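# Coordinate inspection notes
Okay, here's what each chain looks like letter by letter:
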Amino acid sequence: MLDLHRLKALHAVSVYGSVGAAADALMVTPSAVSQQLAKLEREIGATLLERNGRGVRLTDAAGLLADHAERILALVETAEADFEALRGEVVGRLSIGAFPTAARGLMPGALVHLGERHPDLHLQLYEREPERLVREVARGELDLAVIQDWMNRPMAIPEGLSRATLFDDIADVVLPASHPLADRSEIGLAELSTERWISSTPGTVCRDWLVYTLRSAELEPVITCMADEYSTQMALVAAGQGCAIIPRLGRDFVPDGAKVVPILPRPSRRIYALWRSDAARRPAIRAAVDALRIASVDR
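Residue indices begin from 1 for each chain and proceed along its sequence in written order. Predicted model: local features are reported for residues with pLDDT of at least 70 only, side-chain atom pairs are reported and counted for 80 or more only, and whole-chain, interface and lining totals are derived from all residues. Side-chain metrics rest on all non-hydrogen atoms present in the structure, leaving aside hydrogens and water.

### Quick notes on the overall build of the chain
Counting secondary structure elements, the chain contains 10 helices and 13 strands. Dimensions of the chain along its principal axes, counting C-alpha atoms only, are 75 × 50 × 30 Å. Exposure is judged per residue with a 1.4 Å probe applied to protein chains only, and the accessible area is read against the type maximum: over 50% gives exposed, under 20% gives buried, and values in between give partly exposed. Counting the 299 residues in the chain, one finds 43% classified as buried. Positive charges come from Lys and Arg, negative ones from Asp and Glu, while His and the chain ends are left out of the count. Charge positions come from single atoms, namely NZ of Lys, CZ of Arg, CG of Asp or CD of Glu. The distance from the centre of the 34 positive side-chain charges to the centre of the 40 negative ones in the chain is 2 Å. A run of DSSP states H or I qualifies as a helix once it reaches four residues; a run of E qualifies as a strand once it reaches two. Both are numbered from the N-terminal end.

### Comments concerning the packing of helix H1 (residues 4-16) against helix H3 (residues 30-44)
Between N-to-C directions, angles span 0 to 180 degrees; the directions come from axes that are lines fitted to C-alpha atoms, helices contributing only their stretch in contact. Contact pair H1 / H3: the axes reach a minimum separation of 9 Å and the direction vectors enclose 115°. On the basis of their axis angle, the class for H1 and H3 is roughly perpendicular. Between H1 and H3 the crossing geometry is left-handed. Residues His5, Arg6, Leu7, Ala9, Leu10 and Val13 of H1 pack against Val33, Gln36, Leu37, Lys39, Leu40 and Glu43 of H3. Every angle not falling under 35 degrees, over 145, or within 65 to 115 is termed oblique; those three ranges are roughly parallel, roughly antiparallel and roughly perpendicular. Crossing handedness follows the turn of the near helix against the far one: under a right angle anticlockwise gives a left-handed crossing, and clockwise gives a right-handed one. It only takes one pair of heavy atoms within 4.5 Å for two residues to be counted as in contact.

### Here's the deal with helix H9 (residues 230-238)
Spacing of three or four residues puts side chains on the same side of an α-helix, whose turn is 3.6 residues. Looking only at H9, the buried set comprises Tyr230, Gln233, Met234 and Val237. Around the axis of H9, the buried residues are gathered within 95° of arc, so they sit on the same side. Comment: arc refers to directions from the helix axis out to C-beta atoms.

### Let's talk about the pairing of strand E5 (residues 144-150)
The element E5 is largely enclosed, with a buried count of seven among its seven residues. Side chains Leu144, Val146, Gln148 and Trp150 project from E5 onto one buried face, and the interleaved Ala145, Ile147 and Asp149 project onto a second face that is buried too. A strand pair is defined by DSSP finding two or more bridges across the two strands. When strand E3 (residues 92-98) meets E5, the two strands line up parallel, connected through three bridges. Across the sheet, residue Gly97 finds its bridge partner in E5, namely Ala145.

### A few points about the environment of Lys8
When you line up the elements, Lys8 lands in helix H1. Residue classification places Lys8 among the partly exposed positions, given a relative accessible area of 44%. Through-space distance from the C-alpha of Lys8 to that of Asp169 is 37 Å; in sequence the pair is 161 residues apart. Look past the residues within four positions of Lys8 in its chain and what remains in contact with it is Leu26 and Leu73.

### Quick word on the packing of aromatic side chains
Aromatic rings from Phe, Tyr and Trp, with only the six-membered ring used for Trp, were paired whenever their centres fell within 6.5 Å, and each pair was classed as stacked if the ring planes differed by under 30 degrees, edge-to-face if by over 60, and tilted otherwise. Throughout the structure, instances matching the rule amount to one aromatic pair. With 3.8 Å between their ring centres and 15° between their planes, Trp150 and Trp209 make a pair best called stacked. Note that Trp150 is positioned in strand E5 and Trp209 in helix H8 (residues 205-216), a separation of 59 residues in sequence. Assessed through its relative accessible area of 4%, Trp150 is described here as buried. Two conditions define a charge located above a ring, namely a distance within 6 Å from the ring centre to NZ of Lys or CZ of Arg, and an angle within 35 degrees of the ring normal. One Lys or Arg, Arg163, reaches over the ring of Tyr272 and ends 4.3 Å from the middle of that ring.

### Here we look at the packing of helix H6 (residues 107-117) against helix H10 (residues 283-296)
For the pair H6 and H10, interaxial distance at closest approach is 8 Å and the crossing angle is 130°. Compared by their axis directions, H6 and H10 come out oblique. Between H6 and H10 lies a crossing whose hand is right-handed. Between H6 and H10, the residues in contact are Met107, Gly109, Ala110, His113 and Leu114 and Ala287, Ala288, Ala291, Leu292, Ile294 and Ala295, respectively. Here the residues of the contact of H6 with H10 sort into nine nonpolar, two polar and no charged. Just so you know the grouping, Ala, Val, Leu, Ile, Met, Phe, Trp, Tyr, Cys and Pro go in nonpolar, Asp, Glu, Lys and Arg go in charged, and all remaining residues, Gly too, go in polar.

### A word on the nonpolar core
With 39 residues, the main nonpolar core has Leu144, Val146, Leu166 and Leu292 as its most contacted residues. The greatest single-element share of this core, amounting to seven residues, is contributed by H10. Discounting chain neighbours no more than four positions away, the residues touching Leu292 are Leu106, Met107, Ala110, Leu144, Val146, Leu166 and Ala273. Residues Trp150, Ile187, Leu210 and Ile263 belong to the second largest nonpolar core, which totals 28 residues. Side-chain atoms within 4.5 Å link the members of a nonpolar core, which is a set of buried Ala, Val, Leu, Ile, Met, Phe, Trp, Tyr and Cys residues.

### Remarks on the pattern of salt bridges
Charged atoms that come close allow side chains of opposite charge to pair. Counted as salt bridges are all cases of a side-chain nitrogen of Lys or Arg within 4 Å of a carboxyl oxygen of Asp or Glu. In this structure the tally under the stated criterion is 16 salt bridges. Close ionic contact of Arg104 with Glu229 constitutes a salt bridge, the shortest N to O distance being 3.7 Å. Separated by 125 residues along the polypeptide, Arg104 in helix H5 (residues 100-105) and Glu229 in the loop between strand E9 (222-226) and H9 bring together distant segments of the chain. Overall, the relative accessible area of 34% leaves Arg104 in the partly exposed class. With relative accessibility at 41%, the residue Glu229 sits in the partly exposed group. The partner of Glu136 in a salt bridge is Arg128, and the shortest N-O contact between them spans 3.1 Å. Among the charged side chains, a network of salt bridges with common partners joins Arg104, Glu229 and Asp252.

Have a look at this one:
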C-alpha cells in the first residue's frame with residue numbers, strides 16, 4: 001500500500017521543483033525528503049527523479065504518481081474534515097499563517113482565546129507575506145491564513161478557497177512633527193507631491209501598493225529609506241527622513257517627532273481569514289475564524 005508521507009514528499013517536489021524547496025515547505029530536512037522518495041521508489045519499483053543539470057526532474061512515472069498523490073491527499077483532507085465535523089470537537093492540529101502586522105497585532109489575542117476555549121487544539125503560527133500565504137493555503141501547507149487586500153489593488157484568490165472579512169484597516173500618512181501640514185485635520189494625497197517617502201523593501205506587497213497608489217494620484221514616488229517594520233518607518237519619520245503611509249494595525253505607538261494625519265481619499269485594506277473550501281466543515285477552522293473576529297473587534 002502506498003504510504004501517505006511518501007506521496008506527500010513526492011507531491012511537494014512536484015509542486016516546488018526541487019528536493020530542497022520541498023523540504024522547506026514540509027519543514028523537514030532535504031535528507032528526510034530524499035529518504036521518503038527512495039522508499040517510495042522501492043515500493044513502486046520505478047525511478048522517480050532524474051538528474052537535470054544541477055537539479056532534478058520528475059520521471060514520467062513520478063509525474064503520473066504525483067498527479068494521483070494530489071487527488072489522494074485532497075481526499076484524505078476531506079475525509080479528516082468530515083470526521084472532525086461528525087465528532088463536532090475542536091481538536092487536532094491547526095496551522096495558521098499571518099502577514100507580519102497581523103501576526104503581531106491580531107494573532108496573540110486570537111491564540112489566547114483559542115487556547116482558553118479549546119485546549120485540545122494544537123496550534124502552529126507562521127509569519128509570511130500575503131501572496132505566499134495564499135499559495136500555501138491553496139496547496140494545503142497551511143490550514144488557515146490571515147491576509148490583507150488593499151481596496152484599490154485587490155489580490156487574486158484562487159478557486160477552491162473561502163474567506164471571511166475580519167475588518168477594514170485604514171491607513172494614514174505619518175509626517176515629521178515639524179512638517180507644514182502636520183497640524184492639519186486631513187490631507188489630500190496630491191498635496192504630498194514633493195515629499196520623500198519611507199517604504200518597505202522592493203518586492204513586498206506594501207511597497208508595490210504604495211508605488212501604485214502614488215502613481216494613481218499622478219505622483220512619482222521618491223523613496224529614500226526602506227524598512228519592512230512599521231515601527232522602524234515611524235522612527236525614520238520622527239527623525240525627519242521623509243513621510244510614510246502606515247495602516248493603523250501596524251501602528252503600535254506614535255514616537256515623539258511624528259504626527260499622524262488622515263488622508264483623502266482614505267486608503268484602506270481589508271483583512272481576511274482564508275481557508276480551503278473543502279476544509280470548511282472542520283470545527284477547528286470555524287473556531288479559529290470566530291477567535292479572529294473576536295480579536296478584531298477593537299481594531
